[in-house]
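What the coordinates show
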Amino acid sequence: QVQIVESGGGLVQPGGSLRLSCATSRRIFGFYSMAWYRQAPGKQRELVATITSDNFASYVDFVRGRFTISGDVAMNAVYLQMNNLEPEDTARYYCNLRSQTDDAWGQGTQVTVSS
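Residues numbered from 1 in each chain as written. Predicted model: local features only at pLDDT ≥ 70, side-chain atom pairs only at ≥ 80, totals over all residues. Heavy atoms only, no water.

Here we look at the overall build of the protein chain
What counts, and what does not: For helices the rule is a DSSP run of H or I covering at least 4 residues; for strands it is a run of E covering at least 2, with both sets numbered from the N terminus onward. Atoms counted for the radius of gyration: C-alpha only. Globule rule: 2.2 Å times the number of residues to the power 0.38. The contact criterion used throughout is that any non-hydrogen atoms of two residues lie within 4.5 Å.
For the protein chain, the helix and strand inventory stands at zero helices and 11 strands. Reading the helices (α) and strands (β) of the protein chain from amino to carboxyl end gives β-β-β-β-β-β-β-β-β-β-β. For the protein chain, the C-alpha radius of gyration of 13 Å lies close to 13 Å, the compact-globule estimate for 115 residues. When contacts within the protein chain are restricted to residue pairs at least 6 apart in sequence, those whose partners lie at least 24 apart make up 52%.

Here is the structure:
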């Protein structure tokens, strides 16, 4: 079973930047997708961005143009570059892997945007 660990969260001022990392314990083969979700207190977990094994990236409207999802050459690490952060981005961010054999989540990393 694949293991997932997120890192890179922290406290940042509005307009600042963070780079989140999602590391997997092994390379993933076949068709797969990796995604970043976030969940704020009292709210449902929501999708932020996805990247697939055919290197197609997609974003929800409220982060498009500010966030960029990318992977390394082995696709055992996925990143989320977050620029121009807003207080509304405050949430715990989770990495999710889905493939024909896996549906795995990490424990998340906290992002807090505040003055």
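What to know about the side chain of Glu-6
Formally: Exposure categories follow from relative accessible area, calculated using a 1.4 Å probe and restricted to protein chains: below 20% of the type maximum is buried, above 50% is exposed, and the middle band is partly exposed. In this tally Asp and Glu are treated as negative and Lys and Arg as positive; neither His nor the chain ends contributes. Any carboxyl oxygen of Asp or Glu within 4 Å of a side-chain nitrogen of Lys or Arg constitutes a salt bridge here. Polar contacts, as used here, are pairs of N or O atoms within 3.5 Å; protein pairs need one atom able to donate a hydrogen and one able to accept it. Residues neighboring in sequence count only if both atoms are side-chain atoms.
Turning to its location among the elements, Glu-6 is positioned in strand 1 (residues 4–7). Buried within the structure, Glu-6 lacks any salt-bridge partner; Arg-92 is the closest side chain of opposite charge, at an N-O distance of 6.6 Å. Here the side chain of Glu-6 touches Cys-95 through a polar contact of 2.7 Å, landing on its backbone nitrogen. At a separation of 2.8 Å, a polar atom in the side chain of Glu-6 contacts the main-chain amide nitrogen of Gly-108. Ignoring any residue separated from it by four or fewer positions in sequence, one finds Glu-6 in contact with Ser-21, Cys-22, Trp-36, Tyr-93, Tyr-94, Cys-95, Gly-106, Gln-107, Gly-108 and Thr-109.

Quick notes on the state of the cysteines
What counts, and what does not: By disulfide we mean two sulfur atoms from cysteines, separated by a distance within 2.5 Å.
Tallied over the entire structure, the rule returns one disulfide. Each disulfide pairs two cysteine sulfurs, and for Cys-22 the partner residue is Cys-95, the sulfurs being separated by 2.0 Å. The S-S bond linking Cys-22 to Cys-95 shows a torsion near -80°; that makes this disulfide left-handed. Taken together, the positions of Cys-22 in strand 3 (residues 18–24) and Cys-95 in strand 9 (residues 91–99) put the pair 73 residues apart, joining distant regions of the chain. With relative accessibility at 0%, the residue Cys-95 sits in the buried group.

Regarding the sheet that holds strand 7 (residues 67–71)
Put simply, the test is: Whether two strands pair comes down to DSSP finding at least two bridges between them. Fitted lines through C-alpha atoms serve as axes, helices being fitted only where they are in contact, and the angles separating the N-to-C directions of these axes extend from 0 to 180 degrees.
Reading across the sheet, the four strands line up as 1-3-8-7 and stay open at both edges, with antiparallel pairing between neighbours. Of all the strands in the sheet, the pair left with one neighbour each is strand 1 and strand 7. With direction set aside, neighbouring strand axes in the sheet form an average angle of 15°. Bridging between strand 1 and strand 3 involves four bridges; their strand directions are antiparallel. By the bridge assignment, Glu-6 is partnered in strand 3 with Cys-22.

Quick word on the packing of aromatic side chains
Definition in use: Centre distance within 6.5 Å is the pairing criterion for rings of Phe, Tyr and Trp, where only the six-membered ring of Trp is used; planes under 30 degrees apart are then read as stacked, over 60 as edge-to-face, and the remainder as tilted. Only lysine NZ and arginine CZ atoms are considered, and such an atom sits over a ring when it is within 6 Å of the ring centre and within 35 degrees of the ring normal.
Scanning the model with the defined rule gives one aromatic pair in all. Note that Arg-45 overlies the ring of Tyr-94, its terminal NZ or CZ placed 3.8 Å from the centroid.

A look at the pattern of salt bridges
Summed over all chains, the structure comprises six salt bridges. Where Asp-102 meets Arg-26, a salt bridge forms, and the shortest distance between an N and an O atom there is 2.6 Å. Of the two residues, Asp-102 is situated in the loop between strand 9 and strand 10 (103–105) and Arg-26 in the loop between strand 3 and strand 4 (32–39); the sequence distance between them amounts to 76 residues. Its relative accessible area of 10% is what places Asp-102 among the buried residues.

Distances and angles like these do not, on their own, reveal function.
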